[in-house]
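# Descriptive structure summary
If you want the building blocks of each chain, they are given just below.
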Amino acid sequence: MPGLLRSLWDEPRPPHPPRRTRWDAALVIVLVALAVLEGVLRPDLPWRWLSVVLVIGMTPTLPWRRTRPLPMLALAFGLSGLATAALGGEIVALYTMVAFLLLPYALFRWGAGREIVIGSAILLANAAVTAVFDDAGADDAVGGFAVLFSVCAVGAALRYRAGARARELDRVRLLERERIARDLHDTVAHHVSAMAIRAQAGLALAGSRPGAAVDALEVIESEASRALAEMRAMVRVLRRNAPADLAPHPRVDDLHRLAGTARTGPPVEVEIAENLDDLPPSVAAALYRLAQEAVTNARRHARDATRVHVRVTADDTSVRLRVSDDGDTGPRRTTAVPGYGITGMIERADLLGGTCEAAPDPDRGWTVTAVLPRSGVAT
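Residues numbered from 1 in each chain as written. Predicted model: local features only at pLDDT ≥ 70, side-chain atom pairs only at ≥ 80, totals over all residues. Heavy atoms only, no water.

## Re the overall build of the protein
A count of helical and extended segments in the protein gives eleven helices and five strands. A fraction of 77% describes how many contacts in the protein between residues 6 or more apart in sequence connect residues 24 or more apart. Roughly 21400 Å² of accessible area belongs to the protein as shown, and the carbon and sulfur atoms make up 61% of that amount. (Helix = DSSP H or I, 4+ residues; strand = E, 2+ residues; numbered from the N terminus. Contact = heavy atoms within 4.5 Å. Areas by Shrake-Rupley, 256 points an atom, 1.4 Å probe, with all protein chains shown as cover.)

The structure is reproduced here in C-alpha cells:
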C-alpha cells in the first residue's frame, strides 16, 4: 500500500490541460443567475441570501478548475465546509451547488498525484463536517458520498483512457520510425558500398591509368553527397535493437502489387507517372508504405465501395500520392477517432519533410493525399 501511495504521489499532471474558454464564462453567468433565481423561488430556505452569496462567490473557481484544480477545490469546498460548520448545514441546501462537482472531477482528471491525495483529504474532511453538522440521515450521507465517489471515478477513468491512448500513439510513432530507419539504413549502406568499390577500383588502376583515380573520386563524391542527404532524413528517427530486415526496401514499381481484387474489399487500380525512376529509395519506400496503409484502410472501412484508386504523380520538386475510394462516408466513418495507421502515415511523411492528409470527399468516398519532397531530404 505505501508503494501504491508513493506511485500516486509521484504521478505527474496530464499534459496540455484545456484552457479557459468563453463557455466557462457562460457557465459562471448561468450559475449566478440560477443561484439568484433559486433564492427568489425558495423563500422557506434558511439563510437563503447568505447561501446565494456563498454560491456566487464560489463560481469563479470553475473556469480555473482544469489548470489549477487543487487550489480551486480547496477554496470552494473549504468555504462550503466552514459555512456548514458555522450555520449547521443549512447554507449548503441550494440545488445550484451540484455544479461544483466539476471541481473533484477536474482534480482527478487533470491534477497531479500529490494534488489528488491532498484534494481527497479535503473532500473527506468536508464530508465529515457535513455528516457531523447536517441533520440529514445516514441514507443521505451515503448517497452523497456515492455521488462524489462516482464523479471522481469518472475523472480518473477518463484520465487513464487518455494516458493509454497517448502511450499507444507514442508506440506507433516509434514503430514507424523504426521502419523508416531500416529503409534508410539499406539506402546508406548501398551508397557506402558503392563508394568502397569505386575506391578499390581507383587504387587498382592508379598505376596504369592515373585518370581512373580522378574518376573514382568523382563517383565517391557523388555517392557521399547522396548518402549525407539520406542521413539527414534519419534525424530524430529511433531504431530499436532488432534483427536487420534483409529484404529489399519497396520501390515505386512495387505499388502495382497492390492492384487487383482481394478476398475482401473493393478492387484496387494503380496509376504511376513515367518519370519516377530517379526517386531516392527513402521516398520510394515511403510512397509504398503510405499507399499500402491507405489501401488497407479503404478495404477495411470503405462501406459499399466499388473501387480504390492509387495515383502517383511528380514534378521537379515533389511527389504526390493520392489514394481515393468511393465508399459511404457515413457517421461511423467520418466521426470516428483517427486511427493509429493514419498517425503513422502522418509521422512518416513529416520525417521526410512532407505532408499527409486523410479526409472524406464532399459527395462520397475518402481520400488520402501525401506530398513528399522529391529529393528525399527533410526540410
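## Some thoughts on the pairing of strand E4 (residues 355–360)
Here E4 pairs with strand E5 (residues 366–373) via six bridges, running antiparallel. Counted as the bridge partner of Thr355 is Val371 from E5. Between E4 and E5, which follow one another and run antiparallel, lie five residues, and Gly365 among them has a positive phi close to 100 degrees. (Pairing = 2+ DSSP bridges.)

## Some details on the packing of helix H4 (residues 69–87) against helix H5 (residues 102–110)
Angle between the axes and distance between the axes: these two values describe a pair of packed helices. Relative orientation of the contacting elements H4 and H5 amounts to 155 degrees, with a least axis distance of 9 Å. In this view, H4 runs roughly antiparallel relative to H5, as classed from their interaxial angle. The crossing of H4 and H5 is left-handed. Residues Pro69, Leu70, Met72, Leu73, Ala76 and Phe77 of H4 touch H5, and the partners they reach there are Leu103, Pro104, Ala106, Leu107 and Trp110. (Axes fitted to C-alpha atoms, helices over the stretch in contact; angles between N-to-C directions. Parallel < 35°, antiparallel > 145°, perpendicular 65-115°, else oblique. Left-handed = near helix turned anticlockwise from the far one by under 90°.)

## Focus: the sheet that holds E4
Read from one edge to the other, the open sheet built from five strands follows the order E1-E2-E3-E5-E4, with strand pairing classed as mixed. The sheet is open, and its two borders are formed by strand E1 (268–272) and E4, each paired with just one other strand. Taken over all neighbouring pairs, the strand axes of this sheet differ in orientation by 10 degrees on average, direction set aside. Sheet topology places strand E2 (residues 308–314) next to strand E3 (residues 318–325); seven bridges connect them, and they run antiparallel. Residue pairing in the sheet places Val308 in a bridge with Asp325 of E3. Strands E1, E2, E3 and E5 of the sheet are contacted by helix H9 (residues 281–301), whose axis makes an angle of about 10 degrees with E3.

## What about the packing of aromatic side chains?
The way to describe two aromatic rings as a pair is by their centre distance and the angle between their planes. Tallying each qualifying case throughout the model produces zero aromatic pairs. The ring of Trp64 has Arg20 sitting right over it, with the charged end atom 3.7 Å from the ring centre. We note Arg109 situated over the ring of Trp110; from NZ or CZ to the ring centre the distance is 3.9 Å. (Phe/Tyr/Trp six-rings, centres within 6.5 Å; stacked < 30°, edge-to-face > 60°. Lys NZ or Arg CZ within 6 Å of the ring centre and 35° of its normal.)

## Let's talk about helix H3 (residues 48–58)
Taken as a whole, H3 has its buried residues at Ser51, Val52, Leu54, Val55 and Met58. One face of H3 carries all of its buried residues, which in axial projection span an arc of 160 degrees. (Buried < 20%, exposed > 50% of the residue type's maximum accessible area, 1.4 Å probe, protein only. Arc of directions from axis to C-beta.)

## Observations concerning the side chain of Asp326
Here Asp326 lies in the loop between E3 and helix H10 (331–334). With no salt bridge to any partner, buried Asp326 finds its closest opposite charge in Arg307, at an N-O distance of 4.6 Å. Of the polar contacts made by the side chain of Asp326, one reaches the side chain of Thr306; its length is 2.3 Å. Residue contacts for Asp326: discarding those within four places in its chain leaves Asp304, Ala305, Thr306, Arg307, Arg364 and Gly365. (Lys, Arg positive; Asp, Glu negative; His and termini not counted. Salt bridge = Lys/Arg side-chain N within 4 Å of Asp/Glu carboxyl O. Polar contact = N/O pair within 3.5 Å; in protein donor to acceptor, adjacent residues only side chain to side chain.)

## Observations regarding the packing of H3 against H4
Viewed as axis vectors pointing N to C, H3 and H4 meet at an angle of 165 degrees, and their least axial separation amounts to 10 Å. As the angle between them shows, H3 and H4 are arranged roughly antiparallel. Crossing of H3 over H4 shows right-handed handedness. Of the residues in H4, those in contact with Leu50, Leu54 and Met58 of H3 are Ala76, Leu79, Ala83 and Leu87.

## A closer look at the pattern of salt bridges
For the structure on display, the rule yields six salt bridges. Put simply, Arg13 and Glu115 hold a salt bridge, and the shortest N to O gap is 2.6 Å. Highlighted residues: Arg13 in the loop between helix H1 (2–9) and helix H2 (22–41) and Glu115 in helix H6 (residues 113–133), separated in sequence by 102 residues. The class for Glu115 is buried, based on a relative accessible area of 13%. With a closest N to O distance of 3.5 Å, Arg311 and Glu271 form a salt bridge. Of the two residues, Arg311 is situated in strand E2 and Glu271 in strand E1; the sequence distance between them amounts to 40 residues. Judged by relative accessible area, which is 37%, Arg311 ranks as partly exposed. Salt bridges sharing common partners tie together Asp24, Arg65 and Arg66.

## Quick look at the nonpolar core
Among the nonpolar cores identified, the biggest contains 32 residues, and Leu255, Leu287, Leu321 and Val323 are the most heavily contacted of them. The set of elements that each furnish at least two residues to this core consists of E1, H9, E2, E3, helix H11 (340–351) and E5. It is H9 that contributes the most residues to this core, ten residues altogether. With near-sequence residues (within four places) excluded, Val323 lies in contact with Ala291, Ala294, Val295, Val308, His309, Val310, Trp366, Thr367 and Val368. With 25 residues, the next largest nonpolar core counts Leu62, Phe77, Ala99 and Leu123 among its residues. (Core = buried A, V, L, I, M, F, W, Y, C linked by side-chain atoms within 4.5 Å.)

## Looking at unusual backbone geometry
In this structure, His16 takes a positive phi of about 55 degrees despite not being glycine. Here His16 shows up in the loop between H1 and H2. Phi angles above zero are rare outside glycine, and Asp304 is one such case at about 60 degrees. Among the structural elements, Asp304 can be located in the loop between H9 and E2. A relative accessible area of 61% places Asp304 in the exposed class.

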